[in-house]
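# Structural features, examined
The residues making up each chain are set out below.
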Amino acid sequence: MKKELRLLAEDAADLEVISAALQDAVLQVRDLAFLPSTRRFACVVNRFRWDAARRAPHERVRAGLHFENVLAARARNIAQDRPEGVLNLLAIRFDELNAPSGLVTLVFSGGAELRLEVEALEAHLSDLGLVWETPNRPEHDLD
């Protein structure tokens, strides 16, 4: 039985843990949703299981990520008119502006970004249970 990951972030250090767990997650543009009436941003991703990457075969798992207290969401270099477009998540950052508010930035490959203005940082990451094998382990060019 696979152990499902469940994480909560309420400060920048916590968010670094979620960012590491989500490095190299892939998703489609259609999997991003900003819900202004509930001040929530949510997405569903295919997370590479770095926590199980020491052994082959490698695995991905479907995971949900959501942020509460979201006042605004802005995308850069994300073709919102192409819902089938694929995004590769590299990192998530938090820049505190006027405590506890700040900017959460989801950084994707190819220069794409999604910036969330939050009243206070609150992020939740939960594996959704669907796990599958993948022969590919993400690799990064360090140059």
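This is a predicted model, so every value here is computed, not measured. (Residues numbered from 1 in each chain as written. Predicted model: local features only at pLDDT ≥ 70, side-chain atom pairs only at ≥ 80, totals over all residues. Heavy atoms only, no water.)

## Here we look at helix α1 (residues 12-22)
Of the residues making up α1, those classed as buried are L15, I18, S19, A21 and L22. Angularly, the buried residues of α1 cover 160 degrees about the axis, an arc narrow enough to put them on a single face. Along α1, exposed side chains directed more than 90 degrees from the buried face belong to A13 and E16. On its buried face, α1 is in contact with β1 (6-9), β4 (40-48), β5 (58-67), β7 (86-96), β8 (102-108) and β10 (123-134). The N-cap of α1, judged by a side-chain oxygen 3.1 Å from the amide nitrogen of A13 a few residues on, is D11. (Buried < 20%, exposed > 50% of the residue type's maximum accessible area, 1.4 Å probe, protein only. Helix = DSSP H or I, 4+ residues; strand = E, 2+ residues; numbered from the N terminus. Arc of directions from axis to C-beta. Contact = heavy atoms within 4.5 Å. Polar contact = N/O pair within 3.5 Å; in protein donor to acceptor, adjacent residues only side chain to side chain.)

## Observations concerning the pairing of strand β3 (residues 32-35)
As judged from the four bridges shared by β3 and β4, these two strands associate in the antiparallel manner. In the strand pairing of β4, L32 is matched with C43. (Pairing = 2+ DSSP bridges.)

## Quick look at unusual backbone geometry
Backbone torsion omega between A99 and P100 reads 5 degrees, so that peptide bond is classified as cis. By the secondary structure assignment, P100 is in the loop between β7 and β8. The phi dihedral of N77 is positive, around 60 degrees, even though this residue is not glycine. The residue N77 is located in the loop between β6 (70-76) and β7 in this model.

## A look at the layout of surface pockets
As a volume, the largest pocket reaches approximately 160 Å³. Every element with two or more residues in the lining of the largest pocket is listed here: β3 and β6. Here the residues of the lining of the largest pocket are counted per class, giving nine nonpolar, one polar and one charged. (1 Å grid on protein atoms, 1.4 Å probe; cavity = no way out; pocket = protein on both sides within 12 Å on 5 of 7 lines; lining within 4 Å. Points joined across faces, edges and corners; volume = space filled by probe spheres on them. Nonpolar A, V, L, I, M, F, W, Y, C, P; charged D, E, K, R; others polar.)

## Brief notes about the environment of A72
With respect to the helices and strands, A72 occurs in strand β6. Note on A72: relative accessible area 14%, which makes it buried. If near-sequence neighbours (up to four positions away) are discounted, A72 is found in contact with F34, R115, L116 and E117.

## Focus: the side chain of R47
The topology assignment puts R47 in strand β4. Engagement of the side chain of R47 in a polar contact is seen with the side chain of D127, the distance being 2.9 Å.

## Some details on the pattern of salt bridges
Enumeration over the complete set of coordinates arrives at nine salt bridges. E68 serves as the salt-bridge partner of R40, at 2.4 Å between the closest nitrogen and oxygen. Here R40, found in strand β4, pairs with E68, found in the loop between β5 and β6; they are 28 residues apart in sequence, far enough to count as distant. With its nearest N and O atoms 4.0 Å apart, the salt bridge here joins R74 to E117. Linking R74 in strand β6 with E117 in strand β9 (residues 113-118), this pair joins segments that are 43 residues apart in sequence. Under the relative-accessibility criterion, R74 is labelled exposed at 52%. Among the residues examined, E117 registers a relative accessible area of 31% and is labelled partly exposed. (Salt bridge = Lys/Arg side-chain N within 4 Å of Asp/Glu carboxyl O.)

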